[in-house]
2 protein chains.
Amino acid sequence: MADIGAHSGGRRVKNGHESLATSPGVTLAESLRQKLEGAIAAGHLEPGSRLDEQEIAQRFGVSRTPVREAFRLMAANNLVELRGRQGATVRSIKAQALIEMFQVMAELEGLCARLAARRVSQAWGAEIGEIHQRLVAAGETGDIDVFYDINQEFHEAIYEASRNSFLADQTRKLRNQVAAYRRRVTRMPNRIADTVREHEAIMQAILAHDPERAHSAMRDHVNLLGDNLLDFLAAFE
Amino acid sequence: MADIGAHSGGRRVKNGHESLATSPGVTLAESLRQKLEGAIAAGHLEPGSRLDEQEIAQRFGVSRTPVREAFRLMAANNLVELRGRQGATVRSIKAQALIEMFQVMAELEGLCARLAARRVSQAWGAEIGEIHQRLVAAGETGDIDVFYDINQEFHEAIYEASRNSFLADQTRKLRNQVAAYRRRVTRMPNRIADTVREHEAIMQAILAHDPERAHSAMRDHVNLLGDNLLDFLAAFE
DNA sequence: TAGTGCCGTTTTGTATACATATATTGATGT
DNA sequence: ACATCAATATATGTATACAAAACGGCACTA
């Protein structure tokens, strides 16, 4: 079975349990949720793999109760699938569902961009410019994991700039749902160069306060990524 | 405290417990979720009111465990708020958040309409026409609860017609989140007549296979409803 | 040999008991 | 009288025990 947190610097405490950020005031269920969601997004837990209550409970040195509650919380974010009396599995997304999700995501991210174009300030321009420069630098270095993270920062900045926190939340959640699949795409041939170019178009439209152009630029960007992702998956099936 | 299910024909079984659909193969937590979500949507549970684990457990004659799990599941749909060690409350949506939610909902329902316009068949035209006729009839009768339900049917038909089940799901969830507030608006002066007129515009655009017009007609419809809702709330604050 | 039904094992669902954090209340002091 | 602090009470979080359903293997039969 997948080794949760093995790559995320997860060191085990002396009694053989994975360490759980044991800050006071935070429940075990919530800590578990964060850990497990991180493991899913990072791809350490394969989509479709079963989540064994007892195993996870033992691994983290807690009882089944907080583990079960964490599963329910994760179902909130559509990251696990609960089938009554048949356990929990990491949600596996079929190609058809991915198409549907990207269609929605394109629209939501497009809305973020449109609102950002209407509401954005001068200071924000400097901020996004700085992020973009770092993205370009990472692209030239070829450090894919860094590129992935900065890319995320770029989109996050636009979520915030939309000044609609509900929209930002929804979009973020959707992004997290496809994260496990998405990460693989970054490694595709022209993806990095394309991303940089597309981001520039989005940035220009927003800074020019052109909502419609910002909307369509962002929508195209997300759709292209979706197409790439489907191409990638098709190569495996 | 709010009387769960008092208006939904909720009869109590002999031992004083609310009846839970006790079909085999369905867990108590899931049954509870359905019951409670229904009570929230119907307005029998006030937004902001606290959900007491013990009380609900006693009311339905179960232990706290399935009640807690039901709370976690409901948090999935953003219908309850869980604050660590401070219990669960029915999510209360502030005016600002409602504005944000309607902005997103307008976009999502607009996307449903756009896709429907592209994909809809002849047979579907008959179906939606039949629903609309019933809506008009209910409007003339003035039976507001029936009108509300048929209105929901109309929108649901468009969700399905989009042929994007993920989008349909997201939109439905969002609709459920604001349901408790929305229901009150139906009683506003011109809302019924306006709704009928707006639905006609949407229907025509979809049946004419005009995606852009369908999109904007639906978006306007949702936005107008949102405006009405805000007017309504403003009258109370 | 393939299929079917039975039985034991495993895992999930629920109840209950216990630990701990938060809220409330009352006493005390200024 | 009001504020503050402490002790108690209440509710949530977690652990464990028990019940029941699903899974798997095996024997039996056609």
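For chain A, the name recorded in an unreviewed UniProt entry is Transcriptional regulator, with Bradyrhizobium betae as its organism.

Broken down by element type, chain A carries nine helices and three strands. Helices and strands in chain A line up, N terminus first, as α-β-α-α-β-β-α-α-α-α-α-α. Relative to its length of 237 residues, chain A is compact, with a C-alpha radius of gyration of 19 Å against a globular reference of 18 Å. Looking at chain A residue by residue over its 237 residues, the buried ones come to 50%.

A separate point is the protein's contact with DNA strand C. Residues in contact with DNA strand C amount to 19 residues; listed here are only the nearest, Arg 68 and Arg 85 of chain A together with Leu 28, Ser 63 and Thr 65 of chain B. Looking at DNA strand C alone, sugar and phosphate atoms form 70% of those within 4 Å of the protein. The separation between a phosphate oxygen of DNA strand C and a polar side-chain atom of Gln 86 of chain B is 3.3 Å. Elements that contribute at least two residues to the surface near DNA strand C include exactly helix 2 (53-60) and helix 3 (64-76) of chain A together with helix 1 (28-41) and helix 3 (64-76) of chain B.

This part is about the side chain of His 199 of chain B. Residues and elements named next belong to chain B. With respect to the element layout, His 199 can be found in helix 8 (residues 191-207). On the basis of relative accessibility, which here comes to 0%, the residue His 199 falls in the buried class. Each residue touching His 199, except ones within four places of it in the same chain, is listed here: His 132, Leu 135, Asn 151, Phe 154, His 155 and His 221.

Superposition of the two copies of the chain requires a rotation about an axis and a shift along the axis. For the pair chain A and chain B, the relating rotation is 180 degrees, the translation along its axis is 0.0 Å, and the fit reaches an RMSD of 0.0 Å. Such a turn and shift between the copies fits a two-fold axis. Measuring from the rotation axis to each C-alpha of chain A, the shortest distance belongs to Ala 76 of chain A, at 1.7 Å. Taken together, the interface assignments show that 100% of the residues at the interface of chain A recur at the interface of chain B, consistent with an identical surface on both copies.

What follows covers the protein's contact with DNA strand D. Neighbouring DNA strand D are 19 residues; Leu 28, Ser 63 and Thr 65 of chain A together with Arg 68 and Arg 85 of chain B lie closest to it. Atoms of DNA strand D within 4 Å of the protein: sugar and phosphate make up 70%, bases the balance. Here a phosphate oxygen of DNA strand D and a backbone polar atom of Ser 63 of chain A are 2.7 Å apart. Counting only elements with at least two residues in the surface near DNA strand D, the list comes to helix 1 (28-41) and helix 3 of chain A together with helix 2 (53-60) and helix 3 of chain B. Among the residues forming the surface near DNA strand D, the class breakdown is four nonpolar, seven polar and eight charged.

This part takes up the packing of helix 3 of chain A against helix 3 of chain B. Where helix 3 of chain A meets helix 3 of chain B, the axes come as close as 6 Å, and the angle between the chain directions of the two elements is 20 degrees. Between helix 3 of chain A and helix 3 of chain B, the interaxial angle falls into the category roughly parallel. Handedness of the crossing formed by helix 3 of chain A with helix 3 of chain B: right-handed. Contacts from Arg 68, Glu 69, Arg 72, Leu 73, Ala 75 and Ala 76 of chain A in helix 3 of chain A reach Arg 68, Glu 69, Arg 72, Leu 73, Ala 75 and Ala 76 of chain B in helix 3 of chain B. Looking at the contact of helix 3 of chain A with helix 3 of chain B, its residues break down into six nonpolar, no polar and six charged.

Another point: the domain arrangement of chain A. Residue and element names in this part refer to chain A. Looking at chain A, the domain boundaries give domain 1 (1-92) and domain 2 (95-234). For domain 1 and domain 2, the distance between their C-alpha centres works out to 28 Å. Taken together, the contacts link ten residues of domain 1 with eight residues of domain 2. Between domain 1 and domain 2, the buried area comes to about 640 Å², and carbon and sulfur atoms account for 53% of it. On inspection of domain 1 and its partner domain 2, the count reaches zero salt bridges. Among the residues making up the side of domain 1 that touches domain 2, the classes are represented as five nonpolar, three polar and two charged.

On to the packing of aromatic side chains, then. Enumeration over the complete set of coordinates arrives at zero aromatic pairs over all chains. Directly above the ring of Tyr 148 of chain A sits Arg 183 of chain A, whose terminal nitrogen or CZ lies 4.1 Å from the centroid.

Moving on to the interface of chain A and chain B. Every contact between the two is made by 33 residues of chain A and, on the other side, 33 residues of chain B. Roughly 2700 Å² of surface becomes buried between chain A and chain B when both sides are summed, with 51% attributable to carbon and sulfur atoms. At the boundary of chain A with chain B, the tally comes to six salt bridges. Among the salt bridges present, the one from Glu 107 of chain B reaches Arg 114 of chain A, with a minimum N-O distance of 3.7 Å. At the boundary of chain A with chain B, the tally comes to ten residue pairs in polar contact (both at pLDDT 80 or more). Taken together, the elements giving at least two residues each to the side of chain A that touches chain B come down to helix 3, helix 4 (95-119), helix 7 (165-185) and helix 9 (211-234) of chain A. With ten residues, the single largest contributor to the side of chain A that touches chain B is helix 4 of chain A. Tallied by class, the residues present in the side of chain A that touches chain B amount to 13 nonpolar, nine polar and eleven charged.

What counts, and where the lines are drawn
- Counting of residues starts from 1 at the beginning of each chain's written sequence and follows it residue by residue.
- Labels are handed out in written order, letters beginning with A for the chains and numbers beginning with 1 for the ligands.
- Reporting of local features is limited, given that this is a predicted model, to residues whose pLDDT is at least 70; pairs of side-chain atoms are given and counted only at 80 or more, and all residues count toward the totals for whole chains, interfaces and linings.
- Computation of side-chain values: all heavy atoms of the structure, hydrogens and water removed.
- Secondary structure is summarised from DSSP: a helix means a run of H or I of at least four residues, a strand means a run of E of at least two, and numbering begins at the N terminus for each.
- The reference for a compact globule is 2.2 Å times residues^0.38; the radius of gyration itself is calculated from the C-alpha atoms.
- Per-residue accessibility, obtained with a 1.4 Å probe over protein chains only, is compared with the maximum for each type, and a residue is labelled buried under 20%, exposed over 50%, and partly exposed between these values.
- A molecule or strand has a residue near it when one of that residue's heavy atoms lies within 4 Å.
- We define a polar contact as two N or O atoms separated by no more than 3.5 Å, with the added condition that, inside protein, one atom must be a possible hydrogen donor and the other a possible acceptor, whereas residues neighbouring each other in sequence contribute only through side-chain atom pairs.
- Here a residue-residue contact requires only that any non-hydrogen atoms of the pair lie within 4.5 Å.
- For the least-squares superposition of copies, only C-alpha atoms count, and only for residues with pLDDT at least 70 in both.
- Put simply, Ala, Val, Leu, Ile, Met, Phe, Trp, Tyr, Cys and Pro go in the nonpolar bin, Asp, Glu, Lys and Arg in the charged bin, and everything else, Gly too, in the polar bin.
- Axis lines are fitted through C-alpha atoms, for helices just across the contact stretch, and the angle between N-to-C directions can take any value from 0 to 180 degrees.
- By the definition adopted for this analysis, an angle is roughly parallel if under 35 degrees, roughly antiparallel if over 145, roughly perpendicular if from 65 to 115, and oblique otherwise.
- The hand of a helix crossing depends on one turn: near helix anticlockwise from the far one by less than a right angle means left-handed, and clockwise means right-handed.
- Segmentation of the chain into domains, including their bounds, is taken from an automatic or database domain assignment.
- Buried area is a sum: the accessible area each of two parts loses on coming together, probed at 1.4 Å, counted once for each and added.
- Here a salt bridge means any side-chain nitrogen of Lys or Arg lying within 4 Å of a carboxyl oxygen belonging to Asp or Glu.
- Within 6.5 Å between ring centres, the rings of Phe, Tyr and Trp (the latter by its six-membered ring) count as paired, and their orientation is classed by plane angle as stacked under 30 degrees, edge-to-face over 60, tilted in between.
- To sit over a ring, a charge needs its Lys NZ or Arg CZ within 6 Å of the ring centre and within 35 degrees of the ring normal.

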